[in-house]
Amino acid sequence: MHTHEQENGGGRTVICPICGKEFLCALSHECWCSGKKIPEEVRDYLAARYESCVCSDCLDRLIGQAASTR
């Protein structure tokens, strides 16, 4: 997998491997994603397919899809 990451002060700039959108990953409990409730199946899906984080929009979409299949 190809990922694009660049250090940026308190985190890193990442290109979402799903949609190509650029976003900031804080690499800590202060990151935007730490407040999201991510189902285990979404975590497993992401870990099996991608080496980097995904953007908020794509993460929200995956969380919504997981919720609709329950």
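Quick caveat, the model's predicted, so the values are computed rather than measured.

For the rest of this paragraph, the subject is the overall build of the protein. The number of helices and strands found in the protein is two helices and three strands. For the protein, the sequential pattern of α-helices and β-strands runs β-β-β-α-α. Across the 70 residues of the protein, 30% fall into the buried class. If you take every contact in the protein between residues at least 6 apart in sequence, the share linking residues at least 24 apart comes to 49%. Accessible surface for the protein amounts to roughly 4700 Å². Of this, 49% is attributable to carbon and sulfur atoms.

On to the packing of aromatic side chains. Scanning the model with the defined rule gives one aromatic pair in all. Relative to Trp32, the ring of Phe23 has its centre 6.1 Å away and its plane inclined at 80°; by these criteria the two rings are edge-to-face.

The next thing to look at is helix H2 (residues 56–68). Helix length check: H2, at 13 residues, gives a terminal C-alpha distance of 18 Å against a target of 18 Å (1.5 Å per residue), a fit within 8%. Buried-residue contacts for H2 involve helix H1 (40–49).

Another point: the pairing of strand S3 (residues 22–25). Going residue by residue along S3, you find Phe23 and Cys25 tucked away on one face and Glu22 and Leu24 left uncovered on the opposite face. Two successive antiparallel strands, strand S2 (residues 11–15) and S3, enclose a turn made up of six residues, where Gly20 displays a positive phi of approximately 90°.

Parameters at a glance
- Residues numbered from 1 in each chain as written.
- Predicted model: local features only at pLDDT ≥ 70, side-chain atom pairs only at ≥ 80, totals over all residues.
- Heavy atoms only, no water.
- Helix = DSSP H or I, 4+ residues; strand = E, 2+ residues; numbered from the N terminus.
- Buried < 20%, exposed > 50% of the residue type's maximum accessible area, 1.4 Å probe, protein only.
- Contact = heavy atoms within 4.5 Å.
- Areas by Shrake-Rupley, 256 points an atom, 1.4 Å probe, with all protein chains shown as cover.
- Phe/Tyr/Trp six-rings, centres within 6.5 Å; stacked < 30°, edge-to-face > 60°.
- Expected span 1.5 Å × (residues − 1).
- Pairing = 2+ DSSP bridges.

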